[in-house]
Amino acid sequence: MSRNNFVGKTLAGLTEAIKQAIFAERYARLPGLLQGLDPRGKIITFLSLLIATAITRHLRVMALIYLLTIVLALASRIPLLFFLKRVWLFIPLFTGIIALPAIFNIVTPGQPLITLLTFAAPLNWGPFHLPATITITQQGLHGAEIFILRVATSVSLSVLLVLTTEWARLLQALSALHFPKIAILIFGMTYRYIFLFIKVAEEMFLARRSRTVGRTNTREQQNWLSSRLGFLLNRSYKLSNDVYLAMLSRGWTGHARFLDDFRFQWRDAAWAAFTIIFIGAIIFFGEMK
Amino acid sequence: MSNTVFKVSKMSYNYPGGLSGLHDIDFSIRQGENVVFLGVNGSGKSTLLKLIDGLYFPDQGTIEAFGEPLTESRLQDETFAFAFRRRVGFLFQDPDSQLFLPTVWQEVAFSPLQMGLVREEVEEKTNAALNALGIEKLKDRVPYQLSEGEKKKVALASLLALDPEVWLLDEPTANLDPRTQDWVIEFILSLTAKGKTLIVAIHELEVAKVIADQAYILGEDHRLAAQGNPQEILQDEALLLRANLMHRHRHVHPALTHRHPHQH
Ligand SMILES: Nc1ncnc2c1ncn2[C@@H]1O[C@H](COP(=O)(O)OP(=O)(O)OP(=O)(O)O)[C@@H](O)[C@H]1O
Ligand SMILES: [Mg+2]
């Protein structure tokens, strides 16, 4: 395999990793801390932590919850590097774009940290107003930090929950907790959609490899990739439509019924108690500040 | 009548965007009948099965199932929907669209569970279905890792666990090697022996001959081109040529029961 074949290699590696992690439910079956908990309790406590992450205004609180997710990942035998990569690979992409403008005084006025540009006078174009100096403000930077950490913590919590719970049990637990049928349905469909998307993508790459003789350059690969992306979306859309029909045909109504019963054990009680105290402490000390 | 399974009158269906799916279709299927729908790619076989399974709804015309109208609003009623889904099983053309749970066992247990059976019954039916298809060994496997033939067997097992009265089979023998194909045909014939109603979409004439006691031909114009006794219809070369089900230079293979090993 040549150095040039980077597209194929990267995607093959990525699809294999996702398949192993989600569809083979590799981590969900390990005997770790979170895997041993009742999924209903897990959903409620993780939701509480997510809400706490969403509403707190303190960087330290978020950092604390983030630290907790790392400890939990370790206690659940999820390789740390894998876990960190999954979370941090996406964050610069999605949050960077939103958070970046906020660090400047144009969006967030405040104490200047670094001055980037200085104009002779403030600029006014109709409704637009530019101050005489463009700076990165302390308030802006703080806001961006909070935002990024908030997203990272929420993503970590969700990833942990999904990685450590078998899919069927997650659906069943949502159903047992009386989540709206439509939400469970969408959740179920999303899972299948990703699965189909990966399958179609994989077939596409195999078909290409079998037709390619000799070297191709990166440029060619990129052209090929973009031309196939439309096809990929189209085909996986059609398949996922059929998946939904097949679920209906087999009696799916949005109620998930699965076999194993849930058992709320001492360790679930201990975990719930821990979360209550943890969030309670956050609220208490948050108020003190 | 009470022993009519499906009665379809003047049914037309267009896909969103105006693409024609089916035109002015009439037929009725009685209990215990083995019906094949023959037609080339794109003639509307899959669309037709989805319509009579209550997954799509006709733009014009009506469908009656077991003597009652089959409409979108009727299927909103959970009791009606359950009763209907319990009686009619559907094998999708692409088994990938049918398999969606993390293990084969869960997949096969899905329908009995949705039907609200108790645990012992679910386990019993699931294991019996896996045994009947000879795939007990696959029960802890992830469906996406299976071969096409194995996927088809898992999909059939999941129908068998439900044990419906009516089996809608969309190209059950496509993409299989000859041995697996024969195996699937044997399986289908065993359903006939149990008195099940079979409605099969297919484009292989030789397989159709073996299964069917009633044949319908869908033309490329998405209309019914012919219907009747399969022995007669499948001998009618002019008709088959018109429906593009036969090439001039190729003739119909001998029936399956007369098969002998050969190489191409
Ligand atoms: N989801 C869809 N959206 C739009 N048009 C569709 C869709 N599915 C099928 N069609 C069109 O409807 C017609 C009938 O399709 P259908 O899948 O029922 O044919 P078929 O007889 O099952 O073909 P095949 O032998 O290839 O499975 C075709 O012209 C097809 O292009
Ligand atoms: Mg079809």
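Heads up: the structure comes first, above all this text.
Quick caveat: nothing in here was measured; it's all calculated off a predicted structure. (Residues numbered from 1 in each chain as written. Chains lettered and ligands numbered in written order. Predicted model: local features only at pLDDT ≥ 70, side-chain atom pairs only at ≥ 80, totals over all residues. Heavy atoms only, no water.)

> Explain the overall build of chain A to me, using residue names and the numbers behind them.
In terms of helices and strands, chain A carries 10 helices and four strands. Considering chain A as a whole, with its 289 residues, one finds that 40% of them fall into the buried category. Considering only residue pairs separated by 6 or more positions, chain A has 78% of its internal contacts joining residues 24 or more positions apart. (Helix = DSSP H or I, 4+ residues; strand = E, 2+ residues; numbered from the N terminus. Buried < 20%, exposed > 50% of the residue type's maximum accessible area, 1.4 Å probe, protein only. Contact = heavy atoms within 4.5 Å.)

> Give a description of the coordination of the magnesium ion (ligand 2) that names residues and reports values.
Only Ser46 of chain B (OG) and Gln93 of chain B (OE1) from the protein coordinate the magnesium ion (ligand 2), and they sit 1.9 to 2.2 Å from it. Taken together, the residues Ser46 of chain B in helix α1 (residues 45-52) and Gln93 of chain B in the loop between β6 (88-91) and α4 (104-114) connect sequence positions 47 residues apart. (Donors = N, O, S within 2.8 Å, 3.2 Å for Na, K, Ca; no water.)

> How would you explain the pattern of salt bridges if you had to name every residue and give the values?
All names here are of chain B. The final tally for this structure, using the stated rule, is 12 salt bridges over all chains. Notably, a salt bridge pairs Glu171 with Lys45, separated by 3.7 Å at the nearest N-O pair. You can see Glu171 sitting in the loop between β7 (166-170) and α7 (178-193) and its partner Lys45 sitting in helix α1, a full 126 residues away along the chain. Since its relative accessible area comes to 4%, Glu171 is described here as buried. (Salt bridge = Lys/Arg side-chain N within 4 Å of Asp/Glu carboxyl O.)

> So what about the packing of helix α2 (residues 39-55) of chain A against helix α3 (residues 59-75) of chain A? Which residues, and what values?
Residues and elements named next belong to chain A. Packing of α2 against α3 leaves a shortest axis separation of 10 Å and a crossing angle of 150°. As summarised for this structure, α2 and α3 are arranged roughly antiparallel, according to the angle between their axes. In this structure, α2 meets α3 at a crossing whose hand is left-handed. Every residue of α3 that contacts α2 at Phe46, Leu49, Ala52 and Thr53 is listed here: Met62, Ile65, Leu68 and Leu72. The class makeup of the residues in the contact of α2 with α3 is seven nonpolar, one polar and no charged. (Axes fitted to C-alpha atoms, helices over the stretch in contact; angles between N-to-C directions. Parallel < 35°, antiparallel > 145°, perpendicular 65-115°, else oblique. Left-handed = near helix turned anticlockwise from the far one by under 90°. Nonpolar A, V, L, I, M, F, W, Y, C, P; charged D, E, K, R; others polar.)

> Please provide a residue-by-residue account of the sheet that holds strand β1 (residues 4-14) of chain B, values included.
All names here are of chain B. Pairing in this open sheet of four strands is antiparallel, and the strands run β2-β1-β4-β5 from one edge to the other. Among the strands making up the open sheet, the edge pair consists of β2 (20-30) and β5 (68-69). Strand direction decides the pairing type here: β1 and strand β4 (residues 60-65), joined by five bridges, are antiparallel. Within β4, the residue paired with Phe6 across the bridge is Ala65. α1 contacts β1, β2 and β4 of the sheet and is inclined by roughly 60° relative to β2. (Pairing = 2+ DSSP bridges.)

> Give a detailed account of the packing of aromatic side chains, specifying residues and quantitative values.
Under the defined criterion, the tally for this structure stands at 16 aromatic pairs over all chains. Taking the centre distance of 6.2 Å and the plane angle of 40° together, the rings of Phe46 of chain A and Trp271 of chain A count as tilted. Taken as a pair, Phe46 of chain A in helix α2 and Trp271 of chain A in helix α10 (residues 266-288) lie far apart in primary sequence, 225 residues in all. Grouping residues by exposure puts Phe46 of chain A and Trp271 of chain A together as buried. Taking 4.3 Å as the distance between ring centres and 25° as the angle between the ring planes, the aromatic pair formed by Phe90 of chain B and Phe92 of chain B counts as stacked. On the basis of relative accessible area, Phe92 of chain B is assigned to the buried category, the value being 2%. (Phe/Tyr/Trp six-rings, centres within 6.5 Å; stacked < 30°, edge-to-face > 60°.)

> Let's hear about the site of ligand 1: which residues, and what values?
Residue and element names in this part refer to chain B. The full set close to ligand 1 counts 14 residues, and Asn41, Gly42, Lys45, Ser46 and Thr47 are the nearest of them. Side-chain polar atom of Tyr15 to a nitrogen atom of ligand 1: 3.3 Å apart, as the coordinates give it. Measuring from an oxygen atom of ligand 1, one finds a side-chain N or O atom of Gln93 at 2.9 Å. Burial of ligand 1 by the surrounding chains reaches 71%, relative to a free accessible area of 640 Å². Considering each element in turn, the shell around ligand 1 owes the most residues, three residues, to α1. (Near = heavy atom within 4 Å. Polar contact = N/O pair within 3.5 Å; in protein donor to acceptor, adjacent residues only side chain to side chain. Areas by Shrake-Rupley, 256 points an atom, 1.4 Å probe, with all protein chains shown as cover.)

> Provide a residue-level description of the sheet that holds β6 of chain B, including the pertinent values.
Residue and element names in this part refer to chain B. One open sheet holds the six strands; their spatial order is β6-β7-β8-β3-β9-β10, and the pairing between them is mixed. Here the strands that pair on one side only, and so sit at the sheet edges, are β6 and β10 (224-228). Across the sheet, the mean angle separating the axes of adjacent strands is 15° when strand polarity is ignored.

> Would you mind going over a nonpolar patch on the surface in detail, with residue names and values included?
All names here are of chain A. A surface patch of nonpolar side chains, about 440 Å² in accessible area, is lined by Leu113, Ile114, Leu116, Leu117 and Leu141. The element best represented in the nonpolar patch is strand β1 (residues 112-118), accounting for four residues. For Leu116, the position within the fold is in strand β1. (Patch = residues over 30% accessible without salt bridge, like charges linked within 9 Å, V, L, I, M, F, W, Y side chains within 5 Å.)

> Explain unusual backbone geometry to me, using residue names and the numbers behind them.
For residues besides glycine, phi is generally negative; the peptide bonds are generally trans as well. Residue and element names in this part refer to chain B. Notably, Asp24 is not glycine yet its phi reads approximately 50°, a positive angle. Here Asp24 lies in strand β2. Even without glycine at this site, Glu171 takes up a positive phi of about 50°.

> Pulling in residues and values, what's your account of the packing of α3 of chain A against helix α4 (residues 80-88) of chain A?
All names here are of chain A. Two elements in contact, α3 and α4, have axes whose closest approach is 9 Å; the angle formed by their N-to-C orientations is 140°. It follows that α3 is oblique to α4 by the angle criterion. Classified by chirality, the crossing of α4 by α3 is right-handed. Residues Tyr66, Thr69, Ile70, Ala73 and Leu74 of α3 form the contact with α4, whose own contacting residues are Leu80, Phe83, Leu84 and Trp88. Residues belonging to the contact of α3 with α4 are distributed by class as follows: eight nonpolar, one polar and no charged.

> Residues and numbers for the nonpolar core, please.
Among soluble globular proteins, nonpolar side chains are generally buried collectively. In terms of nonpolar packing, the biggest core is built from 49 residues, with Leu38, Trp167, Leu169 and Ile217 of chain B touching the most fellow members. Counting residues per element, this core draws most heavily on helix α6 (residues 148-162) of chain B, which supplies seven residues. Apart from the residues lying within four places of it in its own chain, the contact partners of Leu38 of chain B are Lys45, Ile202, His203, Glu204, Leu205, Ala208, Tyr216, Ile217, Leu218, Leu234 and Leu245 of chain B. Grouped together as the second largest cluster of nonpolar side chains are 39 residues, Phe83, Trp167, Phe278 and Ile279 of chain A included. (Core = buried A, V, L, I, M, F, W, Y, C linked by side-chain atoms within 4.5 Å.)

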